[in-house]
Amino acid sequence: MSQLTMEQAKALLATTTTQQHLFEHAIGVSAAMGAMARHFGEDPAYWEAVGYLHDYDYEQFPEEHLRHTADELRAAGVEDEAAIRAILAHGYGGCTDVEPLTPMEKSLFTVDELTGLVGATARMRPGRLSDLEVSSVKKKFKDKKFAAKIKRELIQQGCDMLGMPLEEVIGLCIEGMRAHMEELGLAPVQA
Ligand SMILES: [Fe+2]
């Protein structure tokens, strides 16, 4: 069984996805997954590839998200069942009943929503991601009216699964995403 690579993930997502904001979401989740992998002493390149591919069917099937993923990825040559399972498990409780069990699965479940909150918080500030602090994101986490579509309860559920405080996971998301802030459109605004 060959592990999913970033090269493969990029080629696959490009076959189903056209919208820039979805590619930015893929990059953000991928970047955060790299930081989570480093935290767990796992392979960042692998977790980044899985993160990049996680919304493979979303643009084409927003109402049937993750129901056009497993068999389709296998047919497209993906042999990595652990990657497929992690992708399915990121929709646990909503789109699928595949429970996140491994650190990679729990991380993907958590950072999918959390990277959205980190990005939305960064966008409010001139320094964007460059000097974003954990406390700013934590404040926006508590302010339910801010970026109201981001599901705080899923983020908290994910942190509980991971057994990590919210602050720590926010910090890792910021760290991972900051390394990709240009690609994410979240570099500081030039004065
Ligand atoms: Fe996602």
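For the structure, see preceding data.
Just so it is clear, the structure is predicted and the values come from calculations on it, not from any experiment.

Reading guide: rules and limits
- Residues numbered from 1 in each chain as written.
- Predicted model: local features only at pLDDT ≥ 70, side-chain atom pairs only at ≥ 80, totals over all residues.
- Heavy atoms only, no water.
- Helix = DSSP H or I, 4+ residues; strand = E, 2+ residues; numbered from the N terminus.
- Buried < 20%, exposed > 50% of the residue type's maximum accessible area, 1.4 Å probe, protein only.
- Contact = heavy atoms within 4.5 Å.
- Donors = N, O, S within 2.8 Å, 3.2 Å for Na, K, Ca; no water.
- Tetrahedral: all angles 85-135°; square planar, octahedral: opposite > 155°, others 65-115°.
- Core = buried A, V, L, I, M, F, W, Y, C linked by side-chain atoms within 4.5 Å.
- Arc of directions from axis to C-beta.
- Salt bridge = Lys/Arg side-chain N within 4 Å of Asp/Glu carboxyl O.

**Q** What should I look at first to understand the environment of Arg 123 in this one?
**A** Among the structural elements, Arg 123 can be located in helix H6 (residues 103-123). The exposure class assigned to Arg 123 is partly exposed, which follows from its relative accessible area of 48%. C-alpha of Arg 123 to C-alpha of Gly 185: the two residues are 62 residues apart in sequence and 9.0 Å apart in space. In this structure, Arg 123 is in contact with Arg 128 and Leu 186, ignoring residues within four places of it in sequence.

**Q** What is the right way to look at the coordination of the iron ion in this model?
**A** Six octahedral donors around a metal ideally subtend angles of 90 or 180 degrees, whereas four tetrahedral donors ideally subtend 109.5 degrees. Looking at the iron ion, the protein donor atoms are His 25 (NE2), His 54 (NE2), Asp 55 (OD) and Asp 112 (OD), and they sit 2.0 to 2.4 Å from it. Geometry at the iron ion is irregular, judged from its four donor atoms and the angles of 85 to 171° they form at the metal. Coordination of the iron ion draws on donor residues from a single chain, spaced H-x28-H-D-x56-D in sequence. Of the two residues, Asp 55 sits in the loop between helix H3 (44-53) and helix H4 (70-75) while Asp 112 sits in helix H6, which places them 57 residues apart along the sequence. Of the two residues examined, Asp 55 and Asp 112, each falls in the buried class.

**Q** Hey, could you run me through the nonpolar core in this one?
**A** Within soluble globular proteins, side chains that are nonpolar generally end up buried alongside one another. The biggest cluster of nonpolar side chains holds 60 residues, and the ones touching the most others in it are Leu 4, Val 50, Leu 53, Val 118 and Leu 129. Per-element accounting of this core gives the leading share, 10 residues, to helix H2 (residues 20-40).

**Q** Help me understand unusual backbone geometry, please; the structure alone is not making it clear to me.
**A** Both trends apply: most residues other than glycine have a negative phi, and most peptide bonds are in trans. Positive phi outside glycine occurs at Leu 66, with the angle close to 80°. Among the secondary structure elements, Leu 66 is positioned in the loop between H3 and H4. Unlike most non-glycine residues, Arg 128 shows phi in positive territory, near 45°.

**Q** Explain helix H1 (residues 6-16) to me, please; I cannot follow it from the model alone.
**A** An α-helical turn contains 3.6 residues, so a residue and the one three or four places further along point in the same direction. Every buried residue of H1 is accounted for by Ala 9, Leu 12, Leu 13 and Thr 16. Each buried residue of H1 sits inside an arc of 95° when the element is viewed along its axis, so together they form one side. Away from the buried face of H1 by more than 90 degrees, exposed residues Glu 7 and Thr 15 are located. Lining the buried residues of H1 we find H2, H3 and H4.

**Q** Is there a simple way to explain the pattern of salt bridges in this structure?
**A** For side chains of opposite charge, pairing can occur when their charged atoms come near one another. Counted according to the given criterion, the structure contains six salt bridges. For Glu 48, the salt bridge goes to Arg 38, with nearest N and O atoms at 3.5 Å. Of this pair, Glu 48 sits in helix H3 while Arg 38 sits in helix H2, and the two are 10 residues apart along the sequence. Residue Glu 48 is classed as buried on the basis of its relative accessible area, which comes to 18%. Judged by its relative accessible area of 48%, Arg 38 is partly exposed. Residues Glu 81 and Arg 74 are paired through a salt bridge, measuring 2.7 Å at the closest nitrogen-oxygen approach. Each member of the salt-bridge network shares a partner with another, and the members are Asp 71, Arg 74 and Glu 81.

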